[in-house]
Amino acid sequence: MKHPEYLPEFSIKAQASEKARSACVVVGVIDGSRLSPAARALDEASGGYLSAVLKGGDLGTGVGSTLLLQRVPGVAAERVLLVSLGKAEELNEKNYRSASAAAWRLLRDGGATDALSCLHEADVPGRDVAWRVEQDTLSAADALYRFDAMKSQAKAPAKALKKISFALPQGAGKAGVERALAAAQAIALGVAFAKDLGNTPSNVCTPDHLAEQAKDLAKTYGFKCEVLDRKACEKLGMGSFLSVGKGSDKPPRFIVLRHDGGKKTQKPYVLVGKAITFDAGGISLKPAAEMDEMNYDMSGGGSVLGTFRAIGELGLKLNVVGLIPACENMPDAAANKPGDIVTSMSGQTIEILNTDAEGRLILCDALTYAQRFKPAAVLDMATLTGACVIALGSHPSGLFSDDEALVAQIQSAADAAWDRVWRLPLWDDYQEQLKSNLADMANIGGRPGGSITAACFLARFAKGYPWAHLDIAGTAYVGGREKKGSTGRPVPLLTHFLMDRAQQA
Ligand code: BES
Ligand code: MN
Ligand code: ZN
């Protein structure tokens, strides 16, 4: 697999800011004038140049205001970038990340080819240097990300930022920060991979394309990869999964990835990802508005592949299985029709009242297939419901699980990764909305609590292991013509979750 050329080389350097021979030193400013330790060192070396400039009021006080200074006297670096972190008492995760993003965006479009960042000196309450360096790394990778595969005249910037180093703050242990940086780089690669898969349009990113990507990943990192075709899925009795792809001319693929990094006796963690490479809705056709975004309906599967890239980079000592049911949901003479009844791999029958509720139809068979691995836990990721976007917007993913220990582990990983989740109920009370007169259940539960009834549907198949479901419909991509693009979420959360489990083992 190729390494994205826009991703810079990252390193940690124990270096005084004023002596660094860098194209740009990046330092934070609080309350419009309070200098971070590195900024103070620059100020002293320059005989008060920085404080004089700040007195002039040229750096705004708003979070993410920037001021680029050239050739500051007494400072070895060619440039100094001042970044406002806003008010001291308001410094939190959100503001830190906004300031960092603003700095990297500016540097992306400027002339510096390398930089030394000291932004992580900022005292974000409750967050250590490791967290700050990880977030700064991910926000740099995010700002520098490019997807040019579909442009006839891709233009890489003439002066690209190629090297980023982080100054080791006084008193910080190098080993811990190095570890955080290594994890962040692995996550950045995984996120970039998930973004590429999401951003690849559905005429290219087909189920077969995903399977080829999985094989490529397996070859690079030594995973085992098996791709089940329609016939193999028929043999397994995956009648629900196969019914969804019937209306498409792209054959379905059920991708199985294995990373055997732990002891043979250790139960694996299983990641299941919905991969509808295009969701037209089927015969229950979607309206035209925003249908162009339905290539992102494979983002759950993409996040599994992205996470495998991250754990492959890290050589994680843990057994992990990835399951990706991949197909396309199209209207056609052969497609599912409202009222059709299918038999899932579990033997349970499903009345398909709406062919657009197809994600649960492919996930249910994957959840049954997962049982053969005797999992330590199963996590599924899916752009499952528009209702989740209505409930939570685009900041947290919806988390559904009745396993309190697993919920706590996921919440903790989500918080550490700052790839947040919000728990919604999975109460049995909602199950009756799925009643069908003719089959064991219907595939929709009406408008009230739409993302909850979807999760309740999955719960009927996730038997025999601890299980959690993440609805990522609002978090996996950004919509709208201007900003359209994959976010790579929840790769950071999943990687942190697995790193934590490896640590425990
Ligand atoms: N892939 C969609 C969910 C979705 C909608 C993701 C909007 C991202 C943005 C899913 O397959 C779907 O169509 N769900 C239906 C379910 C309904 C028919 C019960 C929905 O949410 O409208
Ligand atoms: Mn749908
Ligand atoms: Zn869908």
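First, a word on what this report is: a plain description of the structure on this page.

Rules used in this analysis
- Here the residue index of a chain counts from 1 through its sequence in written order.
- All chains are assigned letters beginning at A, and all ligands numbers beginning at 1, according to the order in which they are written.
- Local features are withheld for residues below a pLDDT of 70 in this predicted model, meaning they are given only at 70 or higher, and side-chain atom pairs are given and counted only at 80 or more; totals for whole chains, interfaces and linings count all residues.
- Side-chain numbers come from the whole structure's heavy atoms, not from hydrogens or water.
- Donor atoms are limited to N, O and S found within 2.8 Å of the metal ion, a distance that becomes 3.2 Å for Na, K and Ca. With water left out, some sites might look partial.
- The rule is simple: four donors are tetrahedral if all their angles sit between 85 and 135 degrees, four are square planar and six octahedral if opposite donors span more than 155 degrees and the others lie between 65 and 115, and anything that fits none of that is irregular.
- Classification of residues uses two cut-offs on accessible area relative to the type maximum, computed with a 1.4 Å probe and protein chains only: under 20% is buried, over 50% is exposed, and between them is partly exposed.
- Here, a strand pair is defined by DSSP locating no fewer than two bridges between the strands.
- Secondary structure elements follow DSSP: runs of H or I of four or more residues count as helices, runs of E of two or more count as strands, with numbering from the N terminus.
- Each residue is tested against the molecule or strand, and it is near if at least one of its non-hydrogen atoms lies within 4 Å.
- Pairing of N or O atoms within 3.5 Å defines a polar contact, subject to two protein rules: one partner must be a possible hydrogen donor and the other a possible acceptor, and residues neighboring in sequence count only if both atoms are side-chain atoms.
- Here the open area of atoms and residues is found with the Shrake-Rupley method and a 1.4 Å probe, where only the protein chains shown may cover a residue.
- Cavities and pockets were defined on a 1 Å grid built from protein atoms only: a cavity is a group of points that admits a 1.4 Å probe but offers it no way out, a pocket is an open group of points flanked by protein on both sides within 12 Å along at least five of seven lines, and a lining residue is one with an atom within 4 Å of any such point.
- To decide whether a molecule occupies a pocket or cavity, check its atoms: if more than half lie within 2 Å of the grid points, it is inside.
- When residues are sorted by character, Ala, Val, Leu, Ile, Met, Phe, Trp, Tyr, Cys and Pro go into the nonpolar class, Asp, Glu, Lys and Arg into the charged class, and all the rest, Gly among them, into the polar class.
- Geometry of aromatic contacts follows a simple scheme: Phe, Tyr and Trp rings, the Trp one being its six-membered ring, pair when their centres are within 6.5 Å, and the pair is stacked under 30 degrees between planes, edge-to-face over 60, tilted otherwise.
- Placement of a positive charge over a ring is assigned whenever Lys NZ or Arg CZ falls within 6 Å of the ring centre and within 35 degrees of the normal to the ring plane.
- We define the nonpolar core as a collection of buried residues of types Ala, Val, Leu, Ile, Met, Phe, Trp, Tyr and Cys that are connected through side-chain atoms lying within 4.5 Å of one another.
- When checking whether two residues touch, look at their non-hydrogen atoms; a contact exists if any pair is within 4.5 Å.
- Angles here are taken between N-to-C directions and fall from 0 to 180 degrees, while the axes themselves are lines fitted to C-alpha atoms, restricted in helices to the stretch in contact.
- Angles below 35 degrees are treated as roughly parallel, those above 145 as roughly antiparallel, those between 65 and 115 as roughly perpendicular, and all remaining angles as oblique.
- Grid points are joined across faces, edges and corners, and a volume is the space filled by probe spheres set on the points.
- What fixes the domain bounds is an automatic or database domain assignment.

**Quick word on the coordination of the manganese ion (ligand 2)**
Part 1 of the reasoning: Surrounding the manganese ion (ligand 2) are the protein donor atoms Asp279 (OD), Asp356 (O), Asp356 (OD) and Glu358 (OE), at 2.1 to 2.2 Å.
Part 2 of the reasoning: In this structure, the manganese ion (ligand 2) is surrounded by six donor atoms whose angles at the metal cover 69 to 167 degrees, and the resulting shape is irregular.
Part 3 of the reasoning: Between the donor residues of the manganese ion (ligand 2), the gaps in sequence give the motif D-x76-D-x1-E.
Part 4 of the reasoning: Separating the manganese ion (ligand 2) from the zinc ion (ligand 3) is a gap of 3.1 Å, bridged by Asp279, which donates to each.
Part 5 of the reasoning: Owing to a relative accessible area of 22%, Asp356 belongs among the partly exposed residues under this scheme.
Part 6 of the reasoning: Since its relative accessible area comes to 1%, Glu358 is described here as buried.

**As for the coordination of the zinc ion (ligand 3)**
Part 1 of the reasoning: Within the protein, the zinc ion (ligand 3) binds to Lys274 (NZ), Asp279 (OD), Asp297 (OD) and Glu358 (OE); these donor distances fall in the range 2.0 to 2.4 Å.
Part 2 of the reasoning: Coordination at the zinc ion (ligand 3) comes from six donor atoms whose angles at the metal span 78 to 175 degrees, giving a geometry best classed as octahedral.
Part 3 of the reasoning: Sequence spacing among the residues donating to the zinc ion (ligand 3) works out to K-x4-D-x17-D-x60-E.
Part 4 of the reasoning: Taking relative accessible area as the criterion, Lys274 reaches 1% and is therefore assigned buried.
Part 5 of the reasoning: Assessed through its relative accessible area of 3%, Asp279 is described here as buried.

**What about the sheet that holds strand 14 (residues 349–352)?**
Part 1 of the reasoning: Ordered by their spatial adjacency, three strands build an open sheet running 13-14-18, and the pairing between neighbours is mixed. Each having just a single partner strand, strand 13 (340–343) and strand 18 (441–442) make up the two edges of the open sheet.
Part 2 of the reasoning: Where strand 13 lies against strand 14, four bridges are found, and the strand directions are antiparallel. By the bridge assignment for strand 14, Val342 is matched with Ile350.

**A look at the site of ligand 1**
Part 1 of the reasoning: Among the 16 residues in the neighbourhood of ligand 1, the closest are listed as Lys286, Asp297, Asp356, Glu358 and Gly386.
Part 2 of the reasoning: Asp356 is positioned such that a nitrogen or oxygen atom in its side chain is 2.8 Å from an oxygen atom of ligand 1.
Part 3 of the reasoning: Thr383 places a polar main-chain atom, nitrogen or oxygen, 3.3 Å from a nitrogen atom of ligand 1.
Part 4 of the reasoning: Relative to its unbound accessible area of 510 Å², ligand 1 is 77% covered by the protein chains.
Part 5 of the reasoning: When each cavity is represented as a set of grid points, ligand 1 is found to reside in the second largest pocket.
Part 6 of the reasoning: Classifying every residue of the shell around ligand 1 by side-chain character gives five nonpolar, four polar and seven charged.

**Observations concerning the packing of aromatic side chains**
Part 1 of the reasoning: Here the structure, examined in full by the defined rule, presents 13 aromatic pairs.
Part 2 of the reasoning: Both rings, one in Phe10 and one in Phe166, keep their centres 6.2 Å apart while their planes meet at 5 degrees; by these two values the pair is stacked. Here Phe10, found in strand 1 (residues 9–13), pairs with Phe166, found in strand 7 (residues 163–167); they are 156 residues apart in sequence, far enough to count as distant.
Part 3 of the reasoning: Looking at Phe166, the relative accessible area reads 0%, which means it is buried.
Part 4 of the reasoning: Look at Tyr296 and Tyr477: their rings are 4.7 Å apart centre to centre, the planes differ by 10 degrees, and that puts the pair in the stacked class. Here Tyr296, found in the loop between strand 11 (275–279) and helix 9 (299–314), pairs with Tyr477, found in strand 20 (residues 477–478); they are 181 residues apart in sequence, far enough to count as distant.
Part 5 of the reasoning: Between the NZ or CZ atom of Lys195 and the centre of the ring of Tyr145, over which it lies, the distance is 4.7 Å.
Part 6 of the reasoning: The cationic tip of Arg309 hangs over the ring face of Phe193; the distance from NZ or CZ to the ring centre is 5.8 Å.

**So, the nonpolar core**
Part 1 of the reasoning: Counting residues in hydrophobic clusters, the biggest one holds 52 residues, and the most contacted among them are Leu210, Leu305 and Leu498.
Part 2 of the reasoning: Leaving out residues up to four positions away in the same chain, Leu498 has contacts with Tyr269, Leu271, Thr307, Ile311, Leu316, Leu318 and Val320.
Part 3 of the reasoning: Residues Met238, Leu367, Val378 and Cys456 belong to the second largest nonpolar core, which totals 49 residues.

**Some details on the packing of helix 6 (residues 207–221) against helix 9**
Part 1 of the reasoning: Put simply, helix 6 and helix 9 touch, their axes get as near as 10 Å, and they point 5 degrees apart. By the criterion of interaxial angle, the relationship of helix 6 to helix 9 is roughly parallel. Facing helix 6, whose interface residues are Leu210, Ala214, Leu217 and Tyr221, helix 9 presents Leu305, Phe308, Arg309, Gly312 and Glu313.
Part 2 of the reasoning: For the contact of helix 6 with helix 9, the per-class residue count stands at six nonpolar, one polar and two charged.

**Side note on the layout of surface pockets**
Gaps left between atoms are located by rolling a probe of water-molecule size over the structure's atoms.
Part 1 of the reasoning: Volume-wise, the largest pocket comes out at about 1900 Å³.
Part 2 of the reasoning: Every residue lining the largest pocket is counted, 46 residues in all, and those nearest its centre are Asp142, Lys195, Val478, Ser486 and Thr487.
Part 3 of the reasoning: At the level of elements, helix 3 (93–108), helix 4 (129–144), helix 5 (174–199), strand 20 and strand 21 (485–486) are the ones that each hand at least two residues to the lining of the largest pocket.
Part 4 of the reasoning: Tallying contributions element by element places helix 3 first for the lining of the largest pocket, with seven residues.
Part 5 of the reasoning: When grouped by side-chain class, the residues that make up the lining of the largest pocket number 17 nonpolar, twelve polar and 17 charged.
Part 6 of the reasoning: Taken domain by domain, the makeup of the lining of the largest pocket includes at least three residues from each of domain 1 (9–174) and domain 2 (205–486 + 493–504).
Part 7 of the reasoning: Of the voids in this model, the second largest pocket is the one considered here, and its volume is about 1100 Å³.
Part 8 of the reasoning: Contributions of two or more residues to the lining of the second largest pocket are made by helix 11 (386–392), helix 13 (450–459) and strand 20.
Part 9 of the reasoning: Of the residues forming the lining of the second largest pocket, the biggest block, five residues, is contributed by helix 11.

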